[in-house]
Amino acid sequence: MPRASLEELLRASGCDPMAAREAEFTGDDPVFPIRYRVAAAGAAAHAAAGLAAARLWQSRGGRAQRVGVALDAAAASLRSNQYLRIDGKRPPPAWDPLSGMYPARDGWISVHCNFPNHRAAAYRVLAVPQERAAGAQASRGWEGEKLEDAIHAAGGCAGFVRSAEDWARHPQAQAVAAQPLIEIERIGDAPREPLPLAARPLAGVRVLDLTRVLAGPTCARTLAEHGADVLKISAAHLPDSGAVELDTGLGKLSARLDLREPGGVAALRSLALQADVFSQSYRPGALAARGFSAEALAALRPGIVCVSLSAWGETGPWSARRGFDTIVQSVSGMALAHGAPGEPRTLPVSAIDYVSGNLMAFGAMVALERRAREGGSWRVRVALARVGKWIVDRGVIAREAYADRSADLSAERIAALSEEIDAPDGRVRFLRPVVQLAATPARWTRPPVPLGYHSPVWPPRG
């Protein structure tokens, strides 16, 4: 299954599916008690990124190398933030106690409250104090789809829990099904930019990371594990994911810019002029309104690779809506199928987020290799809902095959998959990169830092 899934990813990106022979997989689904083949999906996405890194290194004068992925490591990576430790202690949970499933008149609705503005919007609609019991009592008086629409109209984020059959009939589901799994397209002319001989696949490549939560930050973290200089750009006025930022911040520099101010816009333009990759996960059109559309960036810096993540893709009635992994699971039938009858539950892994992040990194490296070979500016697009469909399309596992699986890997196995580094916040333990490359081992050379820790300037090219 992971090899077939890898071939599908290579085919979807316009790469040779025969390259899947260069990847070696160990283990199989199920790893955790989950009906979906999340380990195979995660392993295939890791392997695709590893193959792209290996090919890029070859284009720089390196030698061919094998790529290896263990499926239990890939499955654990789909919730890597759960294994983060700071000075031996588990950080506070990122999951807000008001987030999750609420009863509706005709079923259930998943409400996202991890960001204060989304929590405030949802409870403004419910018209009760921000208390779980009061919110649940108020939500019972609503029809699920009407509450879903009302929360989004108020600036929040929610998803009515649907069956897979109901979702398949929804106009947004039909739009998602028609979208490519990963889109890699040339959007402008530029000279070839072959990369010089280097010890690592992405050494000297500069990546601007304007993403939040899990999927987008995972993309830039994956590029960092192959040697890229990643500069994460956040803003003090925007909500963040707390300690999760340390897990997705491995290998990155981190600076603050306020794009509401002319100085912030000018500083970002200056950074983009010297960047190779510009990765963002704002809703479609949000950055374009500030002058940072893919087309504007390609005009500013010919040869740039623009990577974007959206929740629902560029088409369909929900194309401008907010969305998260748990919301996609809820509306698409995954949560209903995973839970007990009448009790929908989201998966114990964020498979959609992490697979999407690795596919973004895969697409970025494919685009960089094509830029080196044929020139051009490039755009890479990935959507959470389309990736969720791809995961579901791997098929399901019979309940008797996964029901007795442990909820986690053994402590000994987690220790074997982990390493530690000294960081400003203390001694940080984290899961090491999943993909194994024989000649250029994946690793992070910069410790995770608090948001805004550095100045918004590029380091010298290594």
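Everything discussed here concerns the structure shown above.
Residues numbered from 1 in each chain as written. Predicted model: local features only at pLDDT ≥ 70, side-chain atom pairs only at ≥ 80, totals over all residues. Heavy atoms only, no water.

A. Region of interest: the environment of Phe-115. Structurally, the position occupied by Phe-115 is in the loop between strand 5 (107-111) and helix 4 (116-126). Residues within four places of Phe-115 in sequence aside, it is in contact with Arg-212, Val-213, Pro-239, Asp-240, Ser-241 and Phe-324. (Helix = DSSP H or I, 4+ residues; strand = E, 2+ residues; numbered from the N terminus. Contact = heavy atoms within 4.5 Å.)

B. Local environment of the sheet that holds strand 15 (residues 426-431). Strand order in the open sheet formed by 3 strands is 3-15-14, and the pairing between neighbours is antiparallel. Because the sheet does not close on itself, it has two edges, and the strands there are strand 3 (85-86) and strand 14 (418-423). Across 6 bridges, the pairing between strand 14 and strand 15 is antiparallel. Following the sheet pairing, Asp-422 is matched in strand 15 by Arg-427. (Pairing = 2+ DSSP bridges.)

C. Expanded view of the sheet that holds strand 5. One open sheet accounts for 3 strands, arranged 4-5-6; its pairing is antiparallel. Each having just a single partner strand, strand 4 (100-104) and strand 6 (158-160) make up the two edges of the open sheet. Here the strands of the sheet are splayed against their neighbours by 25° on average, with no regard to which way each runs. Taken together, the 5 bridges between strand 4 and strand 5 define a ladder with antiparallel strand orientation. Of the residues in strand 5, the one forming a bridge with Pro-103 is Trp-108. Docked against the sheet, helix 13 (residues 325-332) engages strand 4, strand 5 and strand 6, running at close to 15° with respect to strand 6. (Axes fitted to C-alpha atoms, helices over the stretch in contact; angles between N-to-C directions.)

D. The arrangement of the packing of aromatic side chains in detail. Throughout the structure, instances matching the rule amount to 7 aromatic pairs. Centre to centre, the rings of Trp-167 and Trp-318 are 5.6 Å apart; their planes meet at 40°, and the pair counts as tilted. Residue Trp-167 is found in helix 7 (residues 164-168), and its partner Trp-318 is found in the loop between strand 12 (305-310) and helix 13; the two are separated by 151 residues along the sequence. For Trp-167, a relative accessible area of 11% gives the class buried. Accessibility expressed as a relative area gives 6% for Trp-318, which makes it buried. Joined through ring pairs, the aromatic side chains of Trp-167, Trp-312 and Trp-318 make up one cluster. Here the basic side chain of Arg-35 rests over the ring of Tyr-36, its NZ or CZ set 5.4 Å away from the ring centre. Sitting above the plane of the Tyr-102 ring, Arg-132 keeps its charged end 4.2 Å from the centroid. (Phe/Tyr/Trp six-rings, centres within 6.5 Å; stacked < 30°, edge-to-face > 60°. Buried < 20%, exposed > 50% of the residue type's maximum accessible area, 1.4 Å probe, protein only. Lys NZ or Arg CZ within 6 Å of the ring centre and 35° of its normal.)

In short, the description is geometric, and any link to function would need to be established separately.
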